[in-house]
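# Fold and geometry: a report
Below are the chains, spelled out letter by letter.
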Amino acid sequence: MLGQSYYLFINQYESMKKSLFGCPPKSIRFYYKTLLMVKFIFLFTLIGSMQAMGKGFGQGTVTLKLKDVRISKVIDAIRAQGNYRFVYKDQILPKDEKVSVDVINAPIQQVLGQLFLHTTLSYKFLSEDLIVITNDEPAPEVRTVFATIHGKVTNAKGEPLEGATVTLKNTNKQAVTKADGTFSLETDDLKGVLIISFVGMQAQEVAVAGRSEINFIMQQLTSDLNDVVVVGYSTQKKETLTGSVVQVSGKEIAKSPAPNVVSSLAGQLPGLTVNQRSGEPGRDDPSIFIRGTGTFGDASPLIIIDGVERSLLARLNPQDIESISVLKDASAAIYGARAANGVILITTKKGVKGKTAFNFSYNYAFQRPTKIPQMLDAATFAEVYNEGDWYRKGRPANNTPFYSDDAIQKFKDGSDPVLYPNTNWVHEVLRPYSYQQNVNLQASGGSETVRYLLSFGTMNQDGNFRHNPTFYQQYNLRSKVEADLTKNLTVGANIYAILNNRKYSSVATNVNFINILQANPTIVAQYPNGLIGPGRLGENPLLMDQRGFDAIQDAPIYSTFTASYKIPFIKGLRLDASYNYDMSNQFEKLWSIPYYFYEYNVTTKQYDKKQGTGTSTASLTDTYRKWTTRLYNFRMTYEKMFFTDHHVTAMVGLEQQQTSYSDASAYRKNFVSTAIDQINVGSTAPADKNNSGSATSGAYNNYFGRLNYDFRSKYLFEFLFRYNGSQIFPQNKRYGFFPGVSAGWRISEEPFFRNSAPFVDQLKLRATYGQVGNDRVGPYQYLQSFSFGNNYVFGTSDVPGIYANTMPNPNITWEVSKKADVGLETSLWKGLLGMELTLWMERRSNILAQPNLSVSNVFGFSALPSQNIGKVDNHGFELMLSHRNRVGALQYNIAANIAYARSKIIFMDEAPQSEPYQNLTGHPVGAALYYKGGGIFHTQDELDKYPHGAGAQVGDIRVLDLNNDGVIDSKDQFRFNYSNTPEYVFGLNTNFQYKGFDLTVFFQGQTKAYSYDNTAAVLGGTDFANAVVRRAANRWTVNNPNGMMPRSDAWQPGATTFFLYDDTFIRLKTLEFGYSLPRDLLSRYHVFNDVRVYASAFNLLTWAKQIKWADPEIGGDFTTYPQQRIINLGVNVKF
Amino acid sequence: MKKIFAFIILSGMLACKKNVLDISPQDRISEDAVWSDENLIKAYENELYNAIPHGFYIHMYSKYTDESYNSAPCCGADIFARNTYSPDNITNASGGDFWGGYMYYWNQGYQYIRKANVFLEQMASSKLQFTDKPRLVAEAKFLRAFMYFELIERFGGVPLVMKSYQLGDSASFVRSSFDDCISAIGKDLDDAMPDLPARYLSTDVNFGRATQDACMALRSRAYLYAASALFNPTNDVQKWQKAADAAEALLNRGYSLYPDYRKLFILPSGAAEDEYIFCRSFTSTNGHQAPMNNLGRRYGAYGGWWASNGPSQNLVDDYDMTSGEPAFTWSGGTKTVNAASGYDPNHPYWNRDPRFDATIIHDSTTYHGDLIEMWISKDGNSWGYDSYKQSSDNPRGGYILKKFMPEADVPLSWQTIYTNPWPYFRLAEIYLNYAEAKFELGDEVTCREYLNKVRERAGMPDIQASVTGDALRARVYNERRIELAFEEHRFFDIRRWKIASDIENRPIMGMDIVKDLGTGVTTYTPVQLLVKVPYQDKMNLLPVETNEIKRNPKMGQTLGW
């Protein structure tokens, strides 16, 4: 019982007596069709129900679990428990109405209220344990002259609530509770239903049922203090949680129409940095960091889905997700050597007892890139090219420009679209929008002993190109079943698959974008007669659909089988076991076929058909890849309350994980026809065939445990550990011990505090400290191994080669992270203000990194192994503020969060830099060297007077001579203090609900991130790469010596701060507006319980501080597949 | 129920393995296996040959000097083409294809030197005996010598590492003198030669492996460099003598100049010829795409983009006339037409050294059955199909590389893999090495004799006995420029001759070819394409990356940098 202080109460009420219309039943079948289904969800807390004991009539509690039984059966059951006696006439109890009751320690009053809600029965306490049930049916015309309902509204702790509203449903009769929690409401009779609501509390409806005194116990709304938070291998109550764990519900994530679950997480979970760098369908997985990057090794977090390290988090069906929680501090120690970068835990939904509930949704969305850079038109391009050409030639006085004035005029006026086109490649290649479609159907429910959830989802996403095969399709299937085999033994299975098909062009997409954005606008994309021209380097993106495809089919199946056994003879002792088998099969088909373009021949005046780059005959590579993970997990949990105040939970477990990977690929070329893309159709000549394969495996062996102790939920203490064994390391270095401790003090539970600051709902101080590891390096680095490859040719034949891999490091071991956290959580005025502040710091040591900074290349080592050499400090804070209120029928909440993380490299085997300001040590991970740009050289005089690099001309960036040695060289580079991983990320989430309407507005943003964009620097170079409009605008020219942008074909000694941009942005990430059809209306038709239509948007608006020409989240060169803006329409139906 | 419980416990016990972490790698071979298996040892040794860069990377060294106009803004190609290389950006050129063709050879070189050292140490300590073992050891020594030569021609004296270090070893490397490096190269070659065959015929399955002749050819080039002005500041005649001797030793080893200069470079690997002494062969699965990186739009190739090796006017001008006379003469930094040569500025491609047409595609060349047209009409409204106006895939300068580019019997497409080998050493170079050394030793007769051997094969008249002294030196230098064009000699030759400060300060030129469509008259106007950053003498040797100097404080940067 302990540790389960909230209970789910679902009462399914089926009336076969009459339909709501009052129409006489026509047939039995009709009865079944018009089942009245009403669902209630109640939350009770143990504390509340215990404290409510013995405070007057009807204050006792009942624990019951019955399904589909007659009301008389329920009454019998209550009577059988011995606390209550009943008096009633048998015939007044309806015989054909069945009810289900599942309550634990629920107040008797509320149980009876629900029980009689849809009957004409009422009850009365004659004494503390004697209840009279009467049927006050018809007598409709006899109007009770005047009646008053009295009562008292308290919270779960029995404290009176002032200001709660009590309304008689469907009337304007209303009362507000006084300071002592009491109210009195005048009614015509003692019938109808009362609605009681209070800020931050779950609204209730109770049938008056003839009573004149009704007391209410209000329960906290879910997403607050009573939330349950998923932590490693178990769950904890939010209010007694001591670690830094944040959680978001699947419901929040499902609001975003983004096809990628991870991209919806940005800004939702303080401490989680999510940057989506590409929007390509199926390849749009963002980078994730927890509390920034605390290591210069692999900084990616551990992702655990339903207990197992699993991939494809981004591809989960958001409708299946119950919650996503993030372990940021030493609470991650239970995951030991893989958890230094934090842990993301995903829990999927499960079925709950009750009649089958169907949940269907359909979404159709339009998507287009958020921002595509505006590139130069042909005439401007020609001008800047001419300038660059002239500078390269040494600025001769007599110059024949590359593009003549005549040609530039033709680019402008479009008089010759064949030879002098003005091609807008973006417009030619990208469609105005493409679509995305999403269908989900979920069924869940359960009986006394078996609970299930079946879910099916499908999603299609089209690419943004014209003439391109890019397409993404995904099927999510899940079946989760739990069965109570006996009273103490529950077994379950959770099997799911994320079948996905990705189809792309046979050419890498980033190449495609270079071929769009940097394609010369003076060359034709498509001739006026419809023939497709060669494009940049003969790789016109309009030809992508003619070059074959790269199709990848993933068929991962994840399975989890669980058993949970409550040892009957030791109360509180439970055994859990799980076996997980994940198998992922991937089949990739890379089909390249010859393609052709047309080119106008000036001599013959004909359009010549020409073969493009790539293969001359169709060639096919089929690759099969297979991954498996097997994981066994056994846990023993003991939970007990000692002497009523001392609550102890202990858990120990062991876990073994084995993974394997293998692949095999087959290649053939010289296909007789391009009509059949199957490997057997290719040429069988030995020179036309090839195949390859490889395999790896890995394993972990772990022991872990957790001990929780709390005194009256007031003083909290936790210890956890993992003894982690990893095959990655040499035999004597494989095991490591990773402990974590934490403590909490709920000040608000202290009597002195409660009395002096009654407006404080919760005030908790917490602290954690622990040691976690990071083992993310290639395996076997302690061995010298060799790989086949680098063949050579003697005579006329290939001879095989082998070469040594990474140098061995026999001493390789874990990276260690020591983490410390302090946090303060509070909730004031019943949720009107919530606040959570966490301060944290971390020291990484033994960071696995290649010591290439100090090892001379003269040693001639091949790749250097990772060595445990680095030290990085990392620190930051997370702050969450929330506000929840109700104004009349408007209910709303606002939650804001901001997180800060900044790392500092303490040691990294850095070779001494030339100047102290160049040291990476002392700077954050990822800080790069830049030359400092100080405007441009406007005149020859300025150039002559200031030191400049050998290549500098008038119009170039004035690179500052930082060390004042009169020479511009690498010593003038300085270490910039930021990287493209933001130091501050923030989110602002607001939800409004007004009658049937709901609105979610979610903003997300980042600051203190900078990225260097080399493509933004391009202008007028010899490679004819097109430039962004802003680069050419106000550039230095002879005629515009005051221009602020560098000249065409500008020279810089390396990356300068001139093209280093602030990545700060705020984005309207998610906007959702929904309308739920009134229940009254729905209940007339008895088909649907809930119908909601909504419109939502993703990345709708973006305010970038500096990068206004491209999406500011790309964080570097803009020639990548852009992020998507999605506008979605959807409908959700529950029945 | 108890059964179920028992089942769970039992399955749990079965599931747990004690030695679950003991997994051997499955995708690689352990070191022990390599050194105990004859085939793996051979595979290891085969791989050592990759140490020596060939010239068919996207960026050929020709664009780093005055052989061609580089239009590649990328990476290593640009820093050399514009002379903006420095210790801060030199690593831009440390890779193959896009990354500069290993011009910055430091990292690649020392990695392979270690591989060779490991091999030599393992072979010395291994008890495993097999027939080819001494030969493989000798080949590794030849390769190590070659690697050191690749290093010193770039950097001057470098640290000599003759043993393999393990990770964690500490060592302080200092640069040996250039001469000590030459001695080390000489010693490796001496050690290698007894266990090597004299030569393999070009049709032999082992052609491409080290031979005695390859050792001698490397020695000839190395000693020639050692005797040159840059490395021989006192002009020690003994060094020239060694260079002459080294070349002379190869003169009568059965090699002969292939009769057709044009065809020599497009023979596929394995074809019969007697000129190549040591080369890198290719196959259709392990080949190159040099033609597609160099030809123009007509063939769907990328010649005008980043990969351009479009020959420069500077090179074109240096081809003699068929009269045997240079077309131009230089004096005081200005170039004038040599009237005696028969050069006609209105028909600049007439009567040139046949190697001009064998090396360069120009306006009116017929190549692959196509008439190449580089002209632009006077009004600018029409142009030849191969002109830069048609496509930026056509080189701006008006010339396309022909050397190494196949004739009509080989298809031109991105789909063809080309197998013509890359010549490291061929007899003509040895002749020119010999001629140069002999000239510096004062033996002008022998010098002319060997220059003329090279010219005769090309169909050029002899250099007359009247050409002597500096004039003859100029002809020696020019003969090397013409004969060995695009074979990656020029970059190093102008530096060792110490003439780079002159050559590299000349702008890179191209040719504007304007045709009057009414009269059909074509006019030729040289056009400046690129002005380089002023050349400094320190650029004669490459700097070492800044970080590498920081890692090796005692080693010292290349002089002047």
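Anyway, here's the lowdown on the structure attached to this text. Within any chain, residue numbers begin from 1 and follow the written order of that chain's sequence. Ligands are numbered from 1 and chains lettered from A, in the order in which they are written. For this predicted model, a pLDDT threshold of at least 70 governs which residues receive local features, and a threshold of 80 or more governs which side-chain atom pairs are given and counted, while totals over whole chains, interfaces and linings are taken from all residues. For the side-chain quantities, the full set of heavy atoms in the structure was used; hydrogens and water were omitted.

Turning our attention to the state of the cysteines. Only a pair of cysteine sulfur atoms within 2.5 Å counts as a disulfide in this structure description. Per the stated rule, a full pass over the model turns up zero disulfides over all chains. The structure places no disulfide on Cys181(B), whose sulfur is separated from the nearest cysteine sulfur, that of Cys215(B), by 18 Å.

Contacts between the two partners involve 100 residues from chain B, matched on the other side by 110 residues from chain A. Between chain B and chain A, the buried area comes to about 8700 Å², and carbon and sulfur atoms account for 59% of it. Throughout this description, the term salt bridge denotes a Lys or Arg side-chain nitrogen within 4 Å of a carboxyl oxygen of Asp or Glu. Remark: the boundary between chain B and chain A carries three salt bridges. Salt-bridge contacts for Asp1049(A) lead to Arg82(B); the nearest nitrogen and oxygen are separated by 3.4 Å. Counting of polar contacts relies on pairs of N or O atoms within 3.5 Å, with two restrictions inside protein: one atom must be capable of donating a hydrogen and the other of accepting it, and residues adjacent in sequence are counted only when both atoms are side-chain atoms. Taken together, chain B and chain A are joined by 29 residue pairs in polar contact (both at pLDDT 80 or more). Whether two residues are in contact is decided by their heavy atoms: any pair within 4.5 Å suffices. Accessible area that two parts lose when put together, with a 1.4 Å probe and added across both, is what the buried area reports.

Here we take up the packing of helix 8 (residues 212-227) of chain B against helix 9 (residues 237-248) of chain B. All names here are of chain B. Working convention: axes come from line fits to C-alpha atoms, limited for helices to the stretch in contact. Angles between N-to-C directions cover 0 to 180 degrees. Numbering of helices and strands runs from the N terminus, with a helix taken as a DSSP run of H or I at least four residues long and a strand as a DSSP run of E at least two residues long. Interhelical geometry of helix 8 versus helix 9 gives an angle of 160° and a closest axis separation of 8 Å. When the interaxial angle is binned, helix 8 and helix 9 end up roughly antiparallel. Between helix 8 and helix 9 lies a crossing of left-handed hand. Together, Met-216, Arg-219, Ser-220, Tyr-223, Leu-224, Ala-226 and Ala-227 of helix 8 and Lys-239, Trp-240, Lys-242, Ala-243, Ala-246 and Ala-247 of helix 9 make up the contact between the two elements. Small angles under 35 degrees read as roughly parallel and large ones over 145 as roughly antiparallel, with 65 to 115 read as roughly perpendicular and the rest as oblique. Left-handed describes a crossing in which the near helix is turned anticlockwise from the far one by less than a right angle; the clockwise case is right-handed.

Take helix 16 (residues 469-483) of chain B next. The terminal C-alpha atoms of helix 16 of chain B, which comprises 15 residues, lie 21 Å apart, in line with the 21 Å expected from a rise of 1.5 Å per residue. Each residue is placed in one exposure class: buried if its accessible area under a 1.4 Å probe, protein chains only, is under 20% of its type's maximum, exposed if it is over 50%, and partly exposed if it falls in between. Every buried residue of helix 16 of chain B is listed here: Leu472(B), Arg475(B), Val476(B), Tyr477(B), Asn478(B), Glu479(B), Arg480(B), Arg481(B), Ile482(B) and Glu483(B). A helix is expected to reach a length of 1.5 Å times the quantity of its residues less one.

The next subject is the pairing of strand 57 (residues 1090-1104) of chain A. Residue and element names in this part refer to chain A. At least two DSSP bridges between two strands are needed for those strands to be called paired. As paired elements, strand 56 (residues 1065-1076) and strand 57 share eleven bridges and run antiparallel to each other. Residue Glu-1072 lies in a different strand from strand 57, and its bridge partner there is Ser-1096. Pairing of strand 57 with strand 58 (residues 1124-1134), which is carried by nine bridges, proceeds in the antiparallel orientation. Opposite Arg-1092, over in strand 58, you have Asn-1132 as the bridge partner.

Quick look at the packing of helix 14 (residues 427-440) of chain B against helix 15 (residues 444-458) of chain B now. Residue and element names in this part refer to chain B. Between helix 14 and helix 15, the shortest axis-to-axis distance is 7 Å and the interhelical angle comes to 155°. With respect to helix 15, the axis of helix 14 lies roughly antiparallel. In this structure, the crossing between helix 14 and helix 15 has a hand that is left-handed. In this structure, helix 14 uses Ala-428, Tyr-431, Leu-432, Tyr-434, Ala-435, Lys-438 and Phe-439 to contact helix 15, whose residues at the interface are Glu-444, Thr-446, Cys-447, Tyr-450, Leu-451, Lys-453, Val-454 and Arg-457. Grouping the constituent residues of the contact of helix 14 with helix 15 by class yields ten nonpolar, one polar and four charged. Under the convention adopted here, Pro, Cys and the residues Ala, Val, Leu, Ile, Met, Phe, Trp and Tyr are nonpolar, Asp, Glu, Lys and Arg are charged, and Gly plus all remaining residues are polar.

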